[in-house]
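Remarks on the overall topology
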There are 2 protein chains.
Amino acid sequence: MSTTLRRTWLPFLNEDVPETCDTPAKVAAYELKLGCAALGIGSPKLAVEPSMGEGYAIKDDTITGGSVGILYGAYAFLSAKAAGEPVPEGTQSPFWRLRMLNSWDNADGSVERGYSGRSLWFEGGELTWDGPRIRQLGRMLASAGINVLCVNNVNVRSDAARLIEDRLPDLARLADAFRPFGVRLMVSIEFSRPLAHGVGTADPLDVKVQAWWAERANAVWAAIPDLAGFLVKADSEHRPGPFTYGRTHAEGANMLARAIAPHGGTLVWRAFVYNCQQDWRDTATDRPKAACETYAPLDGQFDENVLLQVKNGPFDFQVREPVSPTFYAMPNTNLALEVQLAQEYTGQQIDIYAMNPMWREIVADLPPRTVSAIAAVSNLGRDDNYTGHPFAAANLYGFGRFAWDPFADPEAVLRTWARLTYRLPAAQEDALVALLMNSRGVYEKYTANLGLDWMVNPHNHYGPNPLGYEFDLWGTYNRADRNAVGVDRTAAGTGYTLQYPEAMRARYEKAEDCPDNLKLFFHRLPYDYAMADGRTLIQRLYDDHFEGCAESEAMAETLASLDLPEPDKTEVRERMAKQIKNAREWRDVLNTFFHRLSGAEDAHGRKIYD
Amino acid sequence: MSTTLRRTWLPFLNEDVPETCDTPAKVAAYELKLGCAALGIGSPKLAVEPSMGEGYAIKDDTITGGSVGILYGAYAFLSAKAAGEPVPEGTQSPFWRLRMLNSWDNADGSVERGYSGRSLWFEGGELTWDGPRIRQLGRMLASAGINVLCVNNVNVRSDAARLIEDRLPDLARLADAFRPFGVRLMVSIEFSRPLAHGVGTADPLDVKVQAWWAERANAVWAAIPDLAGFLVKADSEHRPGPFTYGRTHAEGANMLARAIAPHGGTLVWRAFVYNCQQDWRDTATDRPKAACETYAPLDGQFDENVLLQVKNGPFDFQVREPVSPTFYAMPNTNLALEVQLAQEYTGQQIDIYAMNPMWREIVADLPPRTVSAIAAVSNLGRDDNYTGHPFAAANLYGFGRFAWDPFADPEAVLRTWARLTYRLPAAQEDALVALLMNSRGVYEKYTANLGLDWMVNPHNHYGPNPLGYEFDLWGTYNRADRNAVGVDRTAAGTGYTLQYPEAMRARYEKAEDCPDNLKLFFHRLPYDYAMADGRTLIQRLYDDHFEGCAESEAMAETLASLDLPEPDKTEVRERMAKQIKNAREWRDVLNTFFHRLSGAEDAHGRKIYD
């Protein structure tokens with residue numbers, strides 16, 4: 001089996017990591033030997049300096065680093081050599097201490113919002129995996145610098161809840177498998193779990209509940225002393241939580257945090273709370289305001305080992321959202337930034353969508369050092385290439401690079417990924433990198449230009465459906481009528497902009513100042529609204545849809561001209577054909593929808609179906 | 001268990017039918033004894049006259065009838081006495097020889113479009129049932145006059161395909177259970193089944209295929225000599241069929257018909273064929289035309305023991321459709337009329353929807369004696385009351401009565417059902433009957449007035465979704481824009497009206513002549529179109545939505561005033577609350593949808609949400 005494993009961005013590491021490599025130092029030594037031989041270069045020495053932790057320095061043919069740092073150093077050295085880039089100078093250390101991957105894998109082997117096959121480590125309610133494959137994955141994570149893996153879905157169902165109970169020995173074995181790669185496990189827990197064990201309540205202020213969790217934490221960390229922590233989705237989309245008992249989320253999180261604090265565990269609490277039973281007739285409630293309203297009053301109340309994990313935008317991983325105001329509202333809370341590699345709303349690993357440029361925009365809008373950790377919803381699965389689309393691997397690699405250095409140039413990161421993965425002639429490499437850099441913009445144009453999110457098919461979230469969420473419970477409305485479209489989220493509207501500090505509010509408050517790409521996120525505008533470039537709003541809607549679709553067709557031509565290796569070339573071609581079909585559907589459905597409403601004809605006479 | 005069985009419209013038959021009643025004569029005798037004792041009346045004698053078949057006559061305290069006819073006579077006698085109605089005079093015999101119920105039960109125990117619990121006879125891939133419960137069901141079917149039961153879904157999946165193979169002994173046992181009630185079984189088969197047995201093809205003109213089916217038929221009728229026949233859904237919604245082999249549906253049906261003809265079996269072939277991969281941009285294709293286009297050219301080619309089963313309307317059991325033109329196009333073919341008791345698009349046994357008035361309208365539009373049999377998709381399941389909503393039992397009972405005498409007064413049928421089921425004071429009974437008679441009209445007003453079907457949520461088919469099927473593959477479009485709504489199906493439009501004979505075409509061809517309740521089925525009209533009563537089209541849309549919702553609220557008041565027995569009273573109240581919620585959602589979503597498009601204000605200033 002091992003010889004068939006795909007090596008993604010590490011094709012030169014063309015042998016499996018053997019099971020005998022059971023420490024980061026052994027992995028580092030093995031990889032250097034294997035990689036340098038493959039690359040035909042001399043191998044540097046390794047020197048462990050424990051005080052350096054995850055940091056490393058490469059100098060005079062020696063890689064010095066902490067116990068895990070030498071592993072990162074080894075991959076950095078090999079990657080630089082393989083890509084023909086200079087090795088990093090000086091001491092390197094990660095920007096964020098916790099660089100987390102959140103798998104939404106279910107115990108039954110399915111993956112919520114998974115687009116690359118079934119779970120790599122669950123099947124039939126059990127933890128089970130293929131050794132060589134997991135070690136190849138460990139190699140991938142370590143080479144990207146990812147150091148925490150939450151193994152199970154935040155929506156915890158019964159078999160998964162047993163991971164910290166009778167399934168703990170299996171979880172410990174998985175932790176053993178990833179430990180040599182510097183990857184610590186995390187586990188999603190169910191807030192109400194004491195109820196399943198006869199405690200009679202899950203009230204966080206109840207001493208029996210506190211005792212139950214303390215006892216559980218003792219057992220869990222006895223089995224896995226370096227477990228990173230617990231991840232919790234509470235009171236969100238029908239999950240249990242402290243609200244049941246009239247307690248705040250600080251009370252709920254702190255109770256768990258105190259149970260695991262003696263073991264050095266981190267309690268990651270997701271700030272994804274909103275009314276998912278909203279009446280569409282209710283125009284006073286505005287979902288993007290929900291997280292800030294819930295959490296800002298709790299600022300300063302969370303324990304030191306709590307991380308409040310906040311999605312990048314106030315909605316839910318849409319193509320374009322402003323940065324969540326919660327990041328500004330909680331200076332006295334440890335916050336983690338959550339992004340999503342799984343392309344739930346962004347093409348589902350069929351349509352190409354490289355994320356590093358987007359993440360770079362996000363950090364540019366975050367107050368410096370506001371965020372103390374980062375997490376990404378995984379895009380991994382059991383497909384041969386791990387990520388469904390071969391190019392989706394760029395998001396996994398790019399996330400690790402981003403988590404290590406969020407201010408790195410996104411284009412350079414994508415270029416390194418492309419060089420490592422495919423040794424293309426320079427012009428082809430340039431074309432591929434340009435295509436990736438532009439890919440989000442293309443997808444945005446045909447699906448959600450001007451910040452007009454949520455026009456997707458309900459449930460599966462792929463393909464257009466302009467009223468799909470319009471009369472539903474989820475707080476996601478465009479309110480398009482024959483005259484205008486969008487929701488007024490300014491001070492005069494729902495007041496969402498008031499959650500931002502003044503400078504940012506000023507950027508969005510007036511329609512004429514608001515950037516085009518968020519115009520309809522913040523404003524309700526008539527179809528004949530004059531955009532800064534002189535076009536009308538409706539013409540801009542049409543133009544972007546036509547252009548995005550045409551650009552996806554051009555992408556196919558570019559891709560056809562690249563000398564990609566098989567099976568990547570075939571996989572890319574097949575998925576690109578689906579992307580074009582998707583883009584045409586988006587173009588035509590959205591154009592028809594807005595044409596039926598507005599009656600406005602396309603200025604260029606292109607085909608809009610009746 | 002038996003004492004908890006619900007008796008639906010036969011509360012006076014308050015004991016189970018014992019297993020020892022293994023012939024219709026024994027059942028008839030048992031029921032008469034039980035029923036007459038309960039009603040405190042003398043019991044008539046039974047006299048079998050085999051030549052009378054299913055017919056019977058009640059005279060001078062003697063019920064004379066055929067072997068099954070005496071059973072029908074016994075129930076007719078008891079029902080008349082229990083309802084305080086005169087016993088039927090003269091010889092009674094059914095209008096249609098085959099009065100069929102089609103269960104869409106899957107072998108795994110689920111029921112496709114089932115709204116009253118799981119299958120009564122399938123679970124876990126096996127045929128299995130509760131004896132007393134099945135005999136109570138047999139009593140219900142016989143008392144309504146239903147004489148054929150197709151046990152499995154027309155969409156045949158693997159375990160169900162085995163019913164005519166290794167599961168045949170189980171099927172024979174079920175046939176034994178129903179035989180004393182005059183009910184013969186039918187079974188849905190999979191056209192491509194020979195492939196699963198190594199035949200290599202399912203081509204109906206291949207002698208190996210013909211031989212395979214002949215051998216199967218021999219085995220099946222050896223086990224169940226009175227099996228009514230096979231039911232087939234072919235080349236429809238991804239089911240296999242003769243098109244795969246370039247054969248016509250006549251060739252496919254006749255091949256099967258010839259295999260079962262020696263055993264007296266009937267081959268029922270569903271005429272539900274259309275392009276379920278239509279591009280919404282394609283305005284030339286019009287789904288209602290599909291069945292007639294496929295089958296009319298085959299008229300006269302089907303064997304004598306083939307029944308072509310045609311749905312009442314050209315779409316699929318919508319609230320309001322014209323009669324399918326296929327009924328007019330095939331004078332030389334044996335046709336069966338298919339209706340649907342399962343309220344897939346008509347309230348799902350939550351919303352009240354009594355069907356007899358609708359069926360009466362349908363037969364009024366059918367050429368006399370065009371149809372030689374009738375089938376109804378079942379609304380039965382394992383719920384205590386068999387039909388989810390207690391009033392949905394009226395549709396099962398009413399279907400049997402309709403199949404026996406399609407020209408009977410629907411109000412009289414519903415009144416008899418109400419009298420038998422609930423012995424209400426006269427004013428209450430009048431109120432209940434009026435409510436039932438009006439129930440379809442209420443549902444139509446808030447969901448699909450003016451013939452505007454298909455604005456439902458995709459997949460589950462409950463609740464409003466005005467664009468739910470608009471950009472989809474199913475050929476079901478309203479094409480509403482800011483000026484107009486509907487599809488022009490006249491000679492100047494898609495030409496659908498040309499499929500009707502001239503008199504009927506004249507009824508629909510011109511918008512001003514077309515009945516209001518089908519206006520938007522046949523025509524595309526502007527919102528300011530002047531209806532005959534002087535209202536605009538848009539005002540009529542609004543008015544009906546408001547009125548339908550208000551009428552559903554009034555229904556709740558009426559129901560609250562009835563002295564219904566428990567648990568019916570609670571079940572009815574709970575479902576009525578859901579119906580009102582549904583009606584409000586329909587009213588508001590459709591009003592908002594059309595208000596956003598048209599910009600027209602309600603003439604009466606009622607609330608339409610933005």
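Reading the values: rules and limits
- Residues numbered from 1 in each chain as written.
- Chains lettered and ligands numbered in written order.
- Predicted model: local features only at pLDDT ≥ 70, side-chain atom pairs only at ≥ 80, totals over all residues.
- Heavy atoms only, no water.
- Helix = DSSP H or I, 4+ residues; strand = E, 2+ residues; numbered from the N terminus.
- Expected span 1.5 Å × (residues − 1).
- Buried < 20%, exposed > 50% of the residue type's maximum accessible area, 1.4 Å probe, protein only.
- Contact = heavy atoms within 4.5 Å.
- Polar contact = N/O pair within 3.5 Å; in protein donor to acceptor, adjacent residues only side chain to side chain.
- Least-squares fit on C-alpha atoms with pLDDT ≥ 70 in both.
- Pairing = 2+ DSSP bridges.
- Axes fitted to C-alpha atoms, helices over the stretch in contact; angles between N-to-C directions.
- Right-handed = clockwise from strand over helix to strand, strands pointing away.
- Parallel < 35°, antiparallel > 145°, perpendicular 65-115°, else oblique.
- Nonpolar A, V, L, I, M, F, W, Y, C, P; charged D, E, K, R; others polar.
- Salt bridge = Lys/Arg side-chain N within 4 Å of Asp/Glu carboxyl O.

**Overview of helix α7 (residues 249–260) of chain B**
Residue and element names in this part refer to chain B. Taking 1.5 Å per residue as the helical rise, α7 with its twelve residues ought to reach 16 Å, and the 17 Å between its terminal C-alpha atoms agrees with that figure. Here α7 lies mainly inside the structure; ten of its twelve residues are buried. Among the residues of α7, those classed as buried are His-249, Ala-250, Gly-252, Ala-253, Asn-254, Met-255, Leu-256, Ala-257, Ala-259 and Ile-260. Lining the buried residues of α7 we find α6 (207–223), β10 (229–232), β11 (266–270), α8 (290–295) and β12 (306–311). Looking at where α7 begins, the residue whose side-chain oxygen comes 3.3 Å from the main-chain nitrogen of Ala-250 is Thr-248.

**Brief notes about the relation of the copies chain B and chain A**
Under the fitted operation, chain B is carried onto chain A by 0.1 Å of movement along the axis and a turn of 180°, and the coordinates agree to an RMSD of 0.1 Å. On the angle and the small slide along the axis, the relation comes out as a two-fold axis. Within chain B, the C-alpha atom positioned nearest to the axis of rotation is that of Leu-597 of chain B, 2.8 Å from it.

**Describing the sheet that holds strand β5 (residues 98–102) of chain B**
Residues and elements named next belong to chain B. Pairing in this closed barrel of eight strands is parallel, and the strands run β5-β8-β9-β10-β11-β12-β13-β14 around the ring. Recorded for the sheet is a direction-independent mean angle of 25° between the axes of neighbouring strands. As judged from the six bridges shared by strand β13 (residues 335–340) and strand β14 (residues 371–377), these two strands associate in the parallel manner. Counterpart to Leu-337 in the pairing with β14 is Ile-374.

**Details of the pairing of strand β11 (residues 266–270) of chain A**
All names here are of chain A. Within β11, five of the five residues are buried, which leaves the element mostly enclosed by the surrounding structure. Here β11 shows no split at all, with Thr-266, Val-268 and Arg-270 on one side and Leu-267 and Trp-269 on the other all buried. Across four bridges, strand β10 (residues 229–232) lies against β11 in parallel orientation. Paired with Gly-229 across the two strands is Thr-266, which belongs to β11. The handedness of the β10 to β11 crossover, carried by helix α7 (residues 249–260), is right-handed. In this structure, β11 lies alongside strand β12 (residues 306–311), joined through four bridges in parallel fashion. Opposite Arg-270, over in β12, you have Gln-309 as the bridge partner. Traced from β11 through helix α8 (residues 290–295) to β12, the parallel crossover comes out right-handed.

**With respect to the packing of helix α2 (residues 69–83) of chain A against helix α3 (residues 131–144) of chain A**
All names here are of chain A. The geometry of α2 relative to α3 is characterised by a closest axis approach of 8 Å and an angle of 85° between their N-to-C directions. The angle between the axes of α2 and α3 places the two elements in the roughly perpendicular class. For the pair α2 and α3, the contacting residues are Leu-71, Tyr-72 and Tyr-75 in the first and Arg-139, Ala-142 and Ser-143 in the second. Class assignment for the residues of the contact of α2 with α3 results in four nonpolar, one polar and one charged.

**Observations concerning the sheet that holds strand β1 (residues 45–48) of chain A**
All names here are of chain A. The four strands are arranged β1-β3-β2-β4 in an open sheet whose pairing can be described as mixed. Whereas interior strands pair on both sides, the edge strands pair on one side only; in this sheet they are β1 and β4 (91–92). Two elements, strand β2 (residues 56–59) and β4, share two bridges in a ladder whose sense is antiparallel. Each bridged residue has a counterpart across the sheet, and for Ala-57 the counterpart in β4 is Thr-91.

**Considerations on the pairing of strand β14 (residues 371–377) of chain A**
All names here are of chain A. Buried residues dominate β14, accounting for six of its seven residues. Bridging between strand β5 (residues 98–102) and β14 involves five bridges; their strand directions are parallel. Looking at the pairing, Arg-99 lines up with Ile-374 of β14. Regarding topology, helix α10 (residues 356–365) serves as the crossover connection from strand β13 (residues 335–340) to the parallel β14, and that connection is right-handed.

**Let's talk about the pattern of salt bridges**
Under the counting rule described, the total for this entry stands at 102 salt bridges over all chains. Among the salt bridges present, the one from Asp-365 of chain B reaches Arg-507 of chain B, with a minimum N-O distance of 3.0 Å. With Asp-365 of chain B in helix α10 (residues 356–365) and Arg-507 of chain B in helix α14 (residues 502–509), this residue pair connects regions lying 142 residues apart in the sequence. Taking relative accessible area as the criterion, Asp-365 of chain B reaches 19% and is therefore assigned buried. A salt bridge links Lys-445 of chain B to Glu-551 of chain B; its shortest N-O distance comes to 2.9 Å. With Lys-445 of chain B in helix α13 (residues 426–447) and Glu-551 of chain B in helix α16 (residues 537–560), the pair connects residues that are 106 residues apart, well separated along the chain. Residues participating in the shared-partner salt-bridge network are Glu-85, Glu-411, Arg-415, Arg-419, Glu-429 and Asp-430 of chain A.

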